[in-house]
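# Coordinates in review
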Amino acid sequence: KTGDISGCPFHGNAGTRDLFGRRNRDWWPDQLDLEILTEGGRAADPMDEDFDYCEAFNAIDYKALKQDLTDLMTDSQDWWPADYGHYGPFFIRMAWHAAGTYRTGDGRGGGGSGQQRFAPLNSWPDNGNLDKARRLLWPIKQKYGKHISWADLFILTGNVAIESMGGPVFGFGGGRKDVFDPETVYWGTEEKWVDTGAETRIQPDEGMALENPLAAIQMGLIYVNPEGPGGNPHDAEGMARDMRETFARMAMNDEETVALTAGGHAFGKAHGAKPADTFGSAPEGEALHRMGFGWLTDPEEIGKGHITTSGIEGAWTPNPTQWGNDYFRLLFKYDYELVQSPAGANQWQPINPDPEDMAPDARDPSKKVPTMMTTADMALKRDPEYRKISERFRDDQAALDDAFARAWFKLCHRDMGPKVRYLGPEVPEEDLIWQDPVPAGTQVSDSDVSAFKSKVLDSGLTVSELVKAAWASASTYRNSDHRGGANGAHIRFDEIKNWKVNDPEELDKVLTKLDEIRGGISMADAIVIAGSAAVEKAAKDAGFDITVPVTTGRGDASREDFDAESWEPLEPFADGFRNYLKTKASVKTEDMLVDRAHLLGLSIPEMTALVGGMRAMGAVTKHTTHGNRIGVLTETPGKLDNSWFVNLLGMGVIWEVVDESGDEEFVGTCRKTGKELWRATRTDLVFGSNSRLRAVAEVYAENGNEEKFVRDFVKAWTKVMDADRFDLT
Ligand code: HEB
């Protein structure tokens, strides 16, 4: 097992690191700085505020679009001619690289927002020449405009490519709305790319495991190095290990990994016809007049098919634009010898191939050239587990068809969240377990909601217990891959309930009680209504009469529809909202609060109001490191008022580090008497120490803003409770 033992998404091999690692400006210091134009919340998104992508997509002539894409496949352009007269394989690689950045660790990456258009992804070495693929698509994007996003177009084009070459597809769901900012995602801390010396991230001899949440083996790759671990073609075991680990981080098991790789490489070719030093720079660093194109190749050479992308050269099969089983047939029919491509890359070539097993030349079908396998492909027969699966697929075309179609569908849709988010006429009927299916719930009438609220408040459960339970349920949501959330009530399954952050015994008590008194209300709704009743009571006890709105209609997922293993990465290693930290990480604890707030889709004021309000209500985890009540800086826990902000910002307290805490716990004493008043963590004090957070905290501590604070808290609370209600819109 090569995974990071602690399992913490922020534990790495590096020491303390910046939350987002190396960013665009670090890679391209000369990049035009547009950030200042987004200061003050000014949007980079040019679409109208009321633009509704779902509506726009649903109005598209889907058939005509697919026909246009099909025609494009064979409409070869002189500036980048199609290998074998068919762009299909090229577009499949584009779609796979768009979707393939997805990782389960934090749900980020993936093809969900068209990030391949922006740095750094547009310039990753592994995305070499995909700038051409996107430009080939521009006339179609232009034609259909707002009705199809780039993000959807990348994936749909991959599907059409497969179909147009006779391959099996399982379906297509649209609904990926483009964004207009490069997303800030942690891609690693290395200062070099894979092609300029970035180290490989799994090095067992040095005790190095792949850092979470990363899913690529070297900086600038989608997954593994095709030439072998760190470029070593002889390390068959290491190759399989790297594939297994990186594909697992994309939620793919062995069978899916084999099906995807073999199915993908049934198509197309690798490009390594020239030495790599004749290769221009990547798009983001290219000269202005190149107009966003990178990796420049002499047009004459392009015409001859002398192109270098990965540096590996050749097709996998004799029929690179036709779906079939030649990939496995050749893989097992021949022994392969290690050779070097013209560009100097390590690759494997069949020994003494029969003439009919030679591939056509990409530009001249009358010419025959040898096929090849990468070291990664060779793992499908060198690794015993992969080999079993490969042999089965070799002998059973229908099994490969089904496995490839399903794995491709999962690859392309895994980051879209629940099926209700899919649009268009090709959404498959079948529910798939990785979609976390939740049956439709029923609306609860207003009178039943209020009756249940009274029962809850009479049940003996405390405000803090109820608030924590509702938060535990809803805050599993991740805005990155749209998984988790209160819908489905997955919180009641032991695997989730028993997360340490949830104070399992207390949570079990709360859920058991709610189950007893909920009547016909779904558990998922009951948990949220109970939380809202508790917040209302806490506000009332502080003198504010406010309704916490609930939108019912949540369903309860069944045990059979719950994929426990796929929920593991959703466990928080820190939840600053509940003042919880499992183990110290390589990023600061307050960074993890920000990360969590980002995954919940919260703004700075929303995060601030939630932290202050939850603390005031005493809703903190009673975890071992910090003990009960840490961070509850109020004399009146259980009331929803602004006392936490007032006490945090006042000058009457001196804060000191608690020595043995490793800079994680602090004690606040009275400046005059020296008496201990409070205990707090980094995620408390950061609201007094960080100037921007302090500015917001001050607003909530100010006279006259007491009620505003309660209103803002309730708004942010409701936003979190409803974060996964895609069924509503
Ligand atoms: Fe792949 C291509 C590698 C997976 C699909 N690939 C390719 C190449 C390489 C690779 C190196 C070449 C590039 C150039 O151009 O030069 N892959 C690889 C690896 C892996 C993979 C290492 C992991 C194991 N693929 C994959 C998948 C898919 C694919 C999964 C899907 C499904 N690819 C592909 C295609 C191609 C490639 C289709 C072709 C493209 C053209 O033709 O252009």
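## Describing the side chain of Asp106
- Mapped onto the elements, Asp106 comes out in the loop between helix 4 (88–99) and helix 5 (130–144).
- Within the structure, the side chain of Asp106 is placed 2.8 Å from the side chain of Arg103, a separation counted as a polar contact.
- If sequence neighbours within four positions are ignored, Asp106 has contacts with Pro213, Arg478, Ser480 and Leu599.

## Observations concerning the pattern of salt bridges
- Inspection of every chain in the model, using the stated rule, returns 60 salt bridges.
- For the salt bridge of Asp152 with Arg176, the shortest nitrogen-to-oxygen distance reads 2.7 Å. Pair noted here: Asp152 is in helix 6 (residues 150–164) and Arg176 is in the loop between helix 6 and helix 7 (236–248), with a separation of 24 residues, a long-range link.
- In this structure, Asp727 engages Arg725 in a salt bridge whose closest nitrogen and oxygen atoms are separated by 3.1 Å.
- What you see here is one network of salt bridges that share partners, running through Asp326, Arg329, Lys333, Asp354 and Asp357.

## Considerations on a negative patch on the surface
- A surface patch of like charges, here negative, comprises Asp33, Glu35, Glu39, Asp181 and Glu183.
- Relative to the elements of secondary structure, Glu35 occurs in the loop between helix 1 (24–27) and helix 2 (53–58).
- For Glu35, a relative accessible area of 53% puts it in the exposed group.

## Some thoughts on the coordination of the iron atom of the ligand
- No other protein atom reaches the iron atom of the ligand as a donor apart from His265 (NE2), found 2.1 Å away.
- The topology assignment puts His265 in the loop between helix 8 (254–264) and strand 1 (269–270).

## Details of the confidence of the model for the protein
- The share of residues in the protein with pLDDT of 70 or more is 97%, and the mean pLDDT across the chain is 95.
- Low pLDDT, under 50, characterises residues 1–6; the stretch is placed with 14 contacts to residues that sit more than four places away or in other chains.
- Reported for the predicted complex are a pTM of 0.96 and an ipTM of 0.99.

## Description of empty space enclosed by the protein
- Under the criterion given, the structure shown has 9 cavities of 30 Å³ or more.
- Of the volumes computed, that of the second largest cavity is approximately 100 Å³.
- Along the walls of the second largest cavity sit 15 residues, with Trp124, Trp187, Ala215, Ala216 and Leu221 positioned nearest its centre.
- Taken together, the residues of the lining of the second largest cavity break down into 9 nonpolar, 4 polar and 2 charged.

## Remarks on helix 13 (residues 397–413)
- Relative to the 24 Å expected for 17 residues at 1.5 Å per residue, helix 13 spans 24 Å between its end C-alpha atoms, a close match to the ideal helical length.
- On the buried face of helix 13, the contacting elements are helix 4, helix 6, helix 8, helix 10 (326–333) and helix 12 (384–395).

## Notes on the sheet that holds strand 11 (residues 676–681)
- Taking strand neighbours across the sheet as the criterion, the 3 strands line up as 9-10-11 in an open arrangement whose pairing is antiparallel. Because the sheet does not close on itself, it has two edges, and the strands there are strand 9 (653–657) and strand 11. Taken over all neighbouring pairs, the strand axes of this sheet differ in orientation by 25 degrees on average, direction set aside.
- Running over the sheet, helix 23 (residues 682–689) touches strand 9, strand 10 (665–670) and strand 11 and is turned about 100 degrees from strand 11.

## Focus on the packing of aromatic side chains
- Following the criterion strictly, the structure yields 36 aromatic pairs and no others.
- Ring centres of Trp124 and Trp187 lie 4.9 Å apart, and the angle between their planes is 80 degrees; this geometry places the pair in the edge-to-face category. Of this pair, Trp124 sits in the loop between helix 4 and helix 5 while Trp187 is found in the loop between helix 6 and helix 7, placing the two residues 63 residues apart along the sequence.
- Take Trp124: its relative accessible area is 3%, and that puts it in the buried class.
- With 6.2 Å between their ring centres and 50 degrees between their planes, Tyr477 and Phe726 make a pair best called tilted. Placement of Tyr477 in the loop between helix 15 (463–474) and helix 16 (494–497) and of Phe726 in the segment after helix 25 (706–721) is noted, with a sequence separation of 249 residues between them. Pair check on accessibility: Tyr477 and Phe726 agree, each one buried.
- The rings of Trp471, Phe577, Trp644, Phe645, Phe687, Tyr700, Phe709, Phe713 and Trp717 are connected pair by pair, giving a single aromatic cluster.
- Taking NZ or CZ as reference, Lys132 lies 5.0 Å from the ring centre of Trp80, over its face.
- The ring of Phe393 has Arg392 sitting right over it, with the charged end atom 5.2 Å from the ring centre.

## What about the environment of Ala276?
- By secondary structure assignment, the location of Ala276 is in the loop between strand 1 and helix 9 (299–304).
- Ala276 sits in the partly exposed class, given a relative accessible area of 43%.

## Observations regarding the pairing of strand 3 (residues 336–340)
- Of the strand pairs in this sheet, strand 3 and strand 4 (residues 346–350) are connected by 5 bridges, and their pairing is antiparallel. The partner of Tyr336 across the bridge, within strand 4, is Pro350.
- Here strand 3 folds back onto strand 4 in antiparallel fashion, the turn holding 5 residues, of which Gly344 has a positive phi close to 95 degrees.

## Things to note about the environment of Gly305
- Relative to the elements of secondary structure, Gly305 occurs in the loop between helix 9 and strand 2 (314–315).
- Residue Gly305 is classed as buried on the basis of its relative accessible area of 13%.
- Each C-alpha atom, one on Gly305 and one on Trp80, is 9.2 Å from the other, the two residues being 225 residues apart in sequence.
- The contacts of Gly305, once residues within four sequence positions are left out, are Ala273 and Arg363.

## A short note on the packing of helix 11 (residues 375–382) against helix 12
- Axis separation between helix 11 and helix 12 bottoms out at 5 Å; the angle between their running directions is 85 degrees. When the axis of helix 11 is compared with that of helix 12, the two are roughly perpendicular. Of helix 12, the residues touching helix 11 (which contributes Ala379, Leu380, Lys381 and Arg382) are Pro384, Tyr386, Arg387 and Ser390.
- For the contact of helix 11 with helix 12, the class distribution of residues is 4 nonpolar, 1 polar and 3 charged.

The rules behind the values
Residues numbered from 1 in each chain as written. Predicted model: local features only at pLDDT ≥ 70, side-chain atom pairs only at ≥ 80, totals over all residues. Heavy atoms only, no water. Helix = DSSP H or I, 4+ residues; strand = E, 2+ residues; numbered from the N terminus. Polar contact = N/O pair within 3.5 Å; in protein donor to acceptor, adjacent residues only side chain to side chain. Contact = heavy atoms within 4.5 Å. Salt bridge = Lys/Arg side-chain N within 4 Å of Asp/Glu carboxyl O. Patch = residues over 30% accessible without salt bridge, like charges linked within 9 Å, V, L, I, M, F, W, Y side chains within 5 Å. Areas by Shrake-Rupley, 256 points an atom, 1.4 Å probe, with all protein chains shown as cover. Lys, Arg positive; Asp, Glu negative; His and termini not counted. Charge placed at Lys NZ, Arg CZ, Asp CG, Glu CD. Buried < 20%, exposed > 50% of the residue type's maximum accessible area, 1.4 Å probe, protein only. Donors = N, O, S within 2.8 Å, 3.2 Å for Na, K, Ca; no water. pLDDT = per-residue confidence, 0-100. 1 Å grid on protein atoms, 1.4 Å probe; cavity = no way out; pocket = protein on both sides within 12 Å on 5 of 7 lines; lining within 4 Å. Points joined across faces, edges and corners; volume = space filled by probe spheres on them. Nonpolar A, V, L, I, M, F, W, Y, C, P; charged D, E, K, R; others polar. Expected span 1.5 Å × (residues − 1). Pairing = 2+ DSSP bridges. Axes fitted to C-alpha atoms, helices over the stretch in contact; angles between N-to-C directions. Phe/Tyr/Trp six-rings, centres within 6.5 Å; stacked < 30°, edge-to-face > 60°. Lys NZ or Arg CZ within 6 Å of the ring centre and 35° of its normal. Parallel < 35°, antiparallel > 145°, perpendicular 65-115°, else oblique.

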